[in-house]
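Coordinate inspection notes
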Amino acid sequence: AWFAGETVHYGMGATGNTADNARMRRAIRNRTETLRRAVRNYHRFAFVGLLEEKDASMELLQHALGWAATPQMERLNAASPSYPEPTRGET
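Below is a short write-up of the structure.

What counts as what
- Sequence positions are assigned chain by chain, starting from 1 and proceeding in written order.
- Restriction of local features to residues with pLDDT of at least 70 applies here, the model being predicted, together with a cutoff of 80 or more for giving and counting side-chain atom pairs; totals for whole chains, interfaces and linings are based on all residues.
- Based on all heavy atoms of the structure, the side-chain values leave hydrogens and waters out of the count.
- Helical segments are the DSSP runs of H or I of at least four residues, strand segments are the runs of E of at least two, and each set is numbered from the N terminus.
- Contacts are residue-level and defined by heavy atoms, with any inter-residue pair within 4.5 Å sufficient.
- Accessible surface is estimated by sampling points in the Shrake-Rupley manner with a 1.4 Å probe; for residues, cover comes only from the protein chains shown.
- One less than the residue count of a helix, multiplied by 1.5 Å, gives the span that helix is expected to have.
- Any Lys or Arg side-chain nitrogen located within 4 Å of an Asp or Glu carboxyl oxygen qualifies as a salt bridge.
- The classification of residues rests on relative accessible area computed with a 1.4 Å probe and restricted to protein chains. Under 20% of the type maximum is buried, over 50% is exposed, and intermediate values are partly exposed.
- Like charges within 9 Å and nonpolar side chains (Val, Leu, Ile, Met, Phe, Trp, Tyr) within 5 Å are joined into patches, using only residues over 30% in relative accessible area that form no salt bridge.

Side note on the overall build of the protein chain
For the protein chain, the count of helices and strands is 3 helices and 0 strands. Counting from the amino terminus, the protein chain carries its helices and strands in the arrangement α-α-α. If you take every contact in the protein chain between residues at least 6 apart in sequence, the share linking residues at least 24 apart comes to 26%. For the protein chain, the accessible surface area stands at approximately 7,900 Å², while carbon and sulfur atoms represent 55% of it.

So this is what it looks like as structure tokens:
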């Protein structure tokens with residue numbers, strides 16, 4: 001359903017629970033059309049990788065695009081951002 005554009009924000013409250021639930025019900029009711037949209041959208045991507053297999057996905061991206069080196073991505077944990085310590089007088 002993500003490729004069909006139906007659940008990008010589902011459960012995150014970005015569009016509100018009512019909109020999230022309506023989008024999910026629509027995707028479930030019409031699974032065939034949701035799948036058609038997903039396949040159509042999937043073919044628009046140059047590359048699709050898996051976050052769970054990030055390193056292997058980056059190697060596939062390198063191969064698919066004919067790059068000499070594997071792209072590197074910095075690992076960041078969005079759940080615990082590191083903020084700079086306040087300096088004296090800023091607290």
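Don't stop here, the text continues.
Section: helix 1 (residues 17-29)
Counting along an α-helix, one turn takes 3.6 residues, and residues three or four places apart therefore face a common direction. With 13 residues, helix 1 extends 18 Å between its outermost C-alpha atoms, agreeing within 8% with the 18 Å of an ideal straight helix rising 1.5 Å per residue. For helix 1, the secondary structure elements touched by its buried residues are helix 2 (31-42).

Regarding the pattern of salt bridges
All chains considered together, the criterion is met by 3 salt bridges. For E33, the salt bridge identified is with R36, shortest N-O distance 3.9 Å. With E33 and R36 both in helix 2 and 3 residues apart, this pair spans about one turn of that helix. Using a relative accessible area of 26% as the deciding quantity, one classes E33 as partly exposed. What makes R36 exposed here is its relative accessible area of 52%. Here E33 makes a salt bridge to R37, at a shortest N to O gap of 3.9 Å. Residue E33 and its partner R37 are located together in helix 2, separated by 4 residues, close to a single helical turn.

Some points on a nonpolar patch on the surface
Where nonpolar side chains cluster on the molecular surface, the patch consists of Y42, F45 and V48 and spans about 270 Å² of accessible area. As for its position among the elements, V48 is in the loop between helix 2 and helix 3 (54-65).

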